[in-house]
Amino acid sequence: MNQAGLHRYLSKDLISSADETDKYALFQQRLTANLTLIQDLFFSLYPESEHKKAFSKLLSKLPLLFNKRPEVLQNRDLDKVKEGNWYLSEKMVGMQLYVDHFNKDLKGLKEKLPYLHDLGINFVHLMPVTTRPAKENDGGYAVNGYTQIDPNFGTKKDLAALAKKMREEGMYLMLDFVVNHTSDEYPWAVKAQKGSKKYQQYYYTYPDRSLPDQFELSLPEVFPETSPGNFTYNEEMGRWVMTVFNHYQWDLNYTNPEVFLAMLENLVQLSNLGVDVVRFDALAFLWKKMGTISQNLPEAHRLISLFRMCLQVVAPGVILLAEAIVPPVEIMKYFGGGMYRGNECEVAYNATFMALLWNSIATQETVMMRKSMEALLDK
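Given the structure is predicted, the values throughout are model-derived calculations rather than measurements.

K.L.:
Kindly report on the overall build of the protein, identifying the contributing residues and their values.
P.N.:
If you tally the helices and strands in the protein, you get 16 helices and eleven strands. Radius of gyration (C-alpha) of the protein: 21 Å, near the 21 Å computed for a compact globule of 379 residues. Overall size of the protein, expressed as C-alpha extent along the three principal axes, is 60 × 55 × 45 Å. Sorting the 379 residues of the protein into buried and exposed places 54% on the buried side. Considering only residue pairs separated by 6 or more positions, the protein has 70% of its internal contacts joining residues 24 or more positions apart. As displayed, the protein has an accessible area near 17900 Å², and 54% of this comes from carbon and sulfur atoms. A distance of 4 Å separates the average location of the 41 positive side-chain charges in the protein from that of its 45 negative side-chain charges.

And the structure:
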């Protein structure tokens, strides 16, 4: 069953005015409703025989994360729960932009909100504005911090002011969550390079080429011309590290439950900046398994569902957007399948449609586009 629908049903008689609603009671209700799925998902990834303490840590973390969520956003969550599938409104019109290219910085963007409002834009996706390496950084997708704002764009206070103004104007904000990797300057990576065994296990690191060479037998190369291979030797650490995208982007090791717990906290903190939609970047790559291409694996889908079920408990007004550049038949799986149907991502990019739309414009033929759309009608 779709858990968001279940939450609406259970809470319909409990949500009154913001001041009178017992928000913590509703949190406990959501936790109770999601707990079985959270437990099943967690232990399907992290065997119960080895990771009972990690699961207990997760259960103790959820109420702490909820209590840290700003009250104004808790109230907004309740409004969205009451409204239902707010993100399906045909009245939503979006724009994606680089803040510095649009109007210098976050303060400049805030000044331009009336202009966007006049255009009918009420949904804005900001390309990465968080801290990143000074040199190569993949357009900000090599992160040095998940909630620290790059000084070139302003401050966290500036982002909070922008988000507040957008809420007042009935607008929605989307930011990226770079969930697959960090930069090699991220604090965990820095500690790993200085010899921390704990943080070396936050990534895929190896003392020699034995296991990397076995991985390479089945792993495709994402950027074969600019970043050949999937591993980079780090001299300071004296180890090989998995770098599927670029040598400065270290892949997170989600087979370690401590990584999930820490990234869940990062996700909630990002949501607490006033975000309505979180774009899950490169989510197809989240789980690595020897002998596979390590993309779109069942474990990756379960991990994403686990993120969503936990986020839904803490911040039910925030939704996930799947960014997976895969054929439509694969992207449909990111809505959730089997017992998790409807409990993975709420929305997803249809990258094939984008390509077919341009193809139709160029060829003035719509046959391919129509056939692709008809194949998705069962959603």
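K.L.:
How would you explain the packing of aromatic side chains if you had to name every residue and give the values?
P.N.:
For the structure on display, the rule yields 27 aromatic pairs. Aromatic side chains tyrosine 146 and phenylalanine 177 sit 5.2 Å apart centroid to centroid with 50 degrees between the ring planes, which places their arrangement in the tilted category. A residue pair is termed long-range when its members are at least 10 positions apart, and tyrosine 146 in the loop between β2 (123-126) and α8 (156-168) and phenylalanine 177 in strand β3 (residues 172-178) qualify at 31 residues. Here the aromatic rings of tyrosine 206 and phenylalanine 215 are separated by 6.4 Å at their centres, their planes lie at 50 degrees, and the arrangement is tilted.

K.L.:
Go over the side chain of lysine 288, please, and point to the residues and values.
P.N.:
Mapping lysine 288 onto the fold places it in the loop between β9 (277-281) and α13 (298-314). Taking the relative accessible area as the measure of exposure, lysine 288 reaches 5% and is therefore buried. At a separation of 2.6 Å, a polar atom in the side chain of lysine 288 contacts the main-chain carbonyl oxygen of phenylalanine 285.

K.L.:
An account of the sheet that holds β9 is requested, with residue identities and associated values reported.
P.N.:
Strand order in the open sheet formed by six strands is β1-β2-β3-β9-β10-β11, with parallel pairing between adjacent strands. Each edge of the open sheet is held by one strand with a lone partner, namely β1 (94-97) and β11 (347-348). As judged from the four bridges shared by β1 and β2, these two strands associate in the parallel manner. Paired with methionine 95 across the two strands is valine 124, which belongs to β2. On the sheet, α8 packs against β2 and β3 and is oriented at approximately 140 degrees with respect to β3.

K.L.:
I'd like a description of the environment of isoleucine 325, backed by residues and values.
P.N.:
Within the fold, isoleucine 325 resides in the loop between β10 (319-322) and α14 (328-331). Its relative accessible area of 63% is what places isoleucine 325 among the exposed residues. Isoleucine 325 sits 24 residues away from tyrosine 349 along the chain, and the two C-alpha atoms are 7.9 Å apart.

K.L.:
Go over the sheet that holds strand β5 (residues 205-206), please, and point to the residues and values.
P.N.:
The strand order β5-β7-β6 describes an open sheet built from three strands, whose pairing is antiparallel. Each end of this open sheet is capped by a strand with a single partner; those strands are β5 and β6 (231-234). Judged from the two bridges that link them, β5 and strand β7 (residues 239-242) form a sheet pairing that is antiparallel. Note on β7: the bridge partner recorded for tyrosine 206 is tryptophan 240.

K.L.:
Outline the layout of surface pockets, listing residues and values.
P.N.:
Here the second largest pocket defines a volume of roughly 520 Å³. Forming the boundary of the second largest pocket are 18 residues, of which Gly94, Phe123, Met174, Leu321 and Tyr349 lie nearest the centre. Of all the elements in the fold, those that place two or more residues in the lining of the second largest pocket are β1, β2, β10 and β11. Looking at the lining of the second largest pocket element by element, the count peaks at three residues for β1. Its residues assigned to classes, the lining of the second largest pocket comprises 14 nonpolar, four polar and no charged.

K.L.:
Tell me about the packing of helix α2 (residues 23-45) against α13, and please be specific about residues and values.
P.N.:
The interhelical angle for the contact between α2 and α13, taken along N-to-C directions, is 160 degrees, at an axis separation of 9 Å. Our classification of the angle between α2 and α13 gives roughly antiparallel. For the element pair α2 and α13, the recorded crossing hand is left-handed. Contacts between α2 and α13 involve Phe27, Arg30, Leu31, Asn34, Leu37, Ile38, Leu41, Phe42, Ser44 and Leu45 from the former and Glu299, Arg302, Leu303, Ser305, Leu306, Met309, Cys310, Gln312, Val313 and Val314 from the latter. When grouped by side-chain class, the residues that make up the contact of α2 with α13 number 13 nonpolar, four polar and three charged.

K.L.:
Kindly report on helix α1 (residues 3-11), identifying the contributing residues and their values.
P.N.:
Residues three or four positions apart in an α-helix share a direction because the helix packs 3.6 residues into each turn. Those residues of α1 lying buried are Gln3, Ala4, Gly5, Leu6, His7 and Ser11. Contact partners of the buried residues in α1: α2, α4 (71-83) and α13. Capping the start of α1 is the job of one residue whose side-chain oxygen sits 3.1 Å from the backbone nitrogen of alanine 4: asparagine 2.

K.L.:
Any details on empty space enclosed by the protein? Residues and values, ideally.
P.N.:
By the definition in use, this model includes five cavities of 30 Å³ or more. The calculated volume of the largest cavity comes to roughly 190 Å³. If you trace the largest cavity, you find 17 residues lining it, with Ala4, Gln312, Pro316, Ile319 and Glu346 closest to the centre. Looking at the lining of the largest cavity, the elements that each hand over two or more residues are α1, α4, α13 and β10. Roughly 110 Å³ of internal volume is contained in the second largest cavity. Along its surface, the second largest cavity is lined by Leu126, Pro128, Val129, Thr130, Val143, Tyr146, Leu175, Asp176, Phe177, Val178 and Leu270. Per element, the largest residue contribution to the lining of the second largest cavity is four residues, and it comes from β3. For the lining of the second largest cavity, the per-class residue count stands at nine nonpolar, one polar and one charged.

Calculation notes
Residues numbered from 1 in each chain as written. Predicted model: local features only at pLDDT ≥ 70, side-chain atom pairs only at ≥ 80, totals over all residues. Heavy atoms only, no water. Helix = DSSP H or I, 4+ residues; strand = E, 2+ residues; numbered from the N terminus. Rg over C-alpha atoms; globule rule 2.2 N^0.38 Å. Buried < 20%, exposed > 50% of the residue type's maximum accessible area, 1.4 Å probe, protein only. Contact = heavy atoms within 4.5 Å. Areas by Shrake-Rupley, 256 points an atom, 1.4 Å probe, with all protein chains shown as cover. Lys, Arg positive; Asp, Glu negative; His and termini not counted. Charge placed at Lys NZ, Arg CZ, Asp CG, Glu CD. Phe/Tyr/Trp six-rings, centres within 6.5 Å; stacked < 30°, edge-to-face > 60°. Polar contact = N/O pair within 3.5 Å; in protein donor to acceptor, adjacent residues only side chain to side chain. Pairing = 2+ DSSP bridges. Axes fitted to C-alpha atoms, helices over the stretch in contact; angles between N-to-C directions. 1 Å grid on protein atoms, 1.4 Å probe; cavity = no way out; pocket = protein on both sides within 12 Å on 5 of 7 lines; lining within 4 Å. Points joined across faces, edges and corners; volume = space filled by probe spheres on them. Nonpolar A, V, L, I, M, F, W, Y, C, P; charged D, E, K, R; others polar. Parallel < 35°, antiparallel > 145°, perpendicular 65-115°, else oblique. Left-handed = near helix turned anticlockwise from the far one by under 90°.

Read these as layout, nothing more, since geometry by itself doesn't imply function.
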